[in-house]
Amino acid sequence: MNEKTYLSPPDITELEIESVIAAMKSGWVAPLGPEVDGFEKDFAAFCNVDFAVALSSGTAAIHLGLLSLGVGPGDKVVVPTLTFAATAFAVKYTGATPIFIDARMSDWNLDIDLLRDYLFEARSSGELPKVIIPVDIFGRTCSYIEINELAEEFGVKVLSDSAESLGAKYHGNPAGSLAEISAFSFNGNKIITTSGGGMITTNSSEIAKKIKYLSTQAREPVSWYEHREVGFNYRMSNILAAIGRSQLARLPEILAHRRAKHEVYLSGFNANERIKVVSNQIGHESNNWLTTVTIDSKAKPHAPELIIESLNEIGIESRRAWKPMHLQDIFKNNRAELNGTSDLIFKEGLCLPSGQNLTPEIQERVIETVLKVVK
Ligand SMILES: *Cc1c(COP(=O)(O)O)cnc(C)c1O
């Protein structure tokens, strides 16, 4: 084995390469162009929404999503404590304060009971958050029916961080259509990539318009440079959109591969009661971006670290689960509603390689290595 097996490397075929060359030859190298329009149209159709706006990153998508909902200094925004830091960073960019809510063990997503308790208390103290950002962790959709119901009851908006969940479904509806606004990422290790990029989906023409406007330096539609608001340079380039379009066309094939890998992990660890593979809850259909497991830390302390080391020795990448935001130094003074779950997931959780280049032989070695360490 001479090539390293990464967790979720970009999967680029002739299709993507040719689409970039075609975009270059078309002369549409400069910022926008037909590939951006096409990518947005294809993406909106895939997510079953009216509008999609292509941006420079997932972080930019969350940032502008929040601004389009009017979030600013003094506001509070609910963020799961178990997430990638970009979710909380985007809240900080707006001047608002993240409030962290813990996870549930079944799928590592936002704990609805904790969220409800927090909202009741926040209402009685007159400190309701403006927005809730559910994060579809590792490609598994949150419980949006409950979350949207709560949001309506308390007059709070919902912005889904779907950076990891393109292709996942909840009661048959695709990620991207489950909240007022959804944000996606096409970073290098996401389920599809544009090398770097993001997307907003929504059914609101006003929100889509506002995000396009903010992402192109907030230029007023006049012949000179007129600005009434602070804008951003957050739009996606035509060349990158060409990659995104080809990747999106291949998404069904990519999803089938990830699901097959997930099934192999499920059966590989089935017999070991110390290892739990996080799997689909009723009504949820993961995109299986990464298969994640927890390993009983009482039976086998520090198993994730030991496995990461053993796999690394044979050229295979695996990673710990996210370190919760409430344990990060920069957020230590933020309010956090905790139940111990994200702490446990950080201790016991492990992300296993799940990309296109994970061959049956390598996956067999991953499973063997994990079982050997845990036994
Ligand atoms: C990747 C990711 C982001 C950030 O996306 P970028 O495109 O890297 O800016 C945000 N939230 C979550 C949950 C992510 O996994």
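Residues numbered from 1 in each chain as written. Predicted model: local features only at pLDDT ≥ 70, side-chain atom pairs only at ≥ 80, totals over all residues. Heavy atoms only, no water.

Draft legend 1. Fine view of the site of the ligand. Near the ligand lie 16 residues; those nearest to it are Gly58, Thr59, Glu164, Ser185 and Lys190. Here threonine 59 contributes a side-chain N or O atom positioned 2.5 Å from an oxygen atom of the ligand. Here an oxygen atom of the ligand and a side-chain polar atom of asparagine 187 are 2.9 Å apart. In terms of residue count, the dominant contributor to the shell around the ligand is helix H3 (residues 58–68) (3 residues). (Near = heavy atom within 4 Å. Polar contact = N/O pair within 3.5 Å; in protein donor to acceptor, adjacent residues only side chain to side chain. Helix = DSSP H or I, 4+ residues; strand = E, 2+ residues; numbered from the N terminus.)

Draft legend 2. Fine view of the pattern of salt bridges. What the rule picks out here adds up to 19 salt bridges. A salt bridge links lysine 76 to glutamate 127; the nearest nitrogen and oxygen atoms lie 3.7 Å apart. On the criterion of sequence distance, the pair formed by lysine 76 in strand S2 (residues 76–80) and glutamate 127 in the loop between helix H5 (112–124) and strand S4 (131–132) is long-range, its members being 51 residues apart. Note on lysine 76: relative accessible area 23%, which makes it partly exposed. According to the relative accessible area criterion, glutamate 127 is partly exposed, its value standing at 39%. Residue lysine 157 is joined to glutamate 180 by a salt bridge in which the shortest nitrogen-to-oxygen separation is 3.6 Å. With lysine 157 in strand S5 (residues 157–161) and glutamate 180 in the loop between strand S7 (173–174) and strand S8 (181–185), this residue pair connects regions lying 23 residues apart in the sequence. Using a relative accessible area of 36% as the deciding quantity, one classes lysine 157 as partly exposed. On the accessibility criterion, glutamate 180 (32% relative accessible area) is partly exposed. A single network of salt bridges, built from pairs that share partners, joins Asp11, Glu16, Arg250 and Glu253. (Salt bridge = Lys/Arg side-chain N within 4 Å of Asp/Glu carboxyl O. Buried < 20%, exposed > 50% of the residue type's maximum accessible area, 1.4 Å probe, protein only.)

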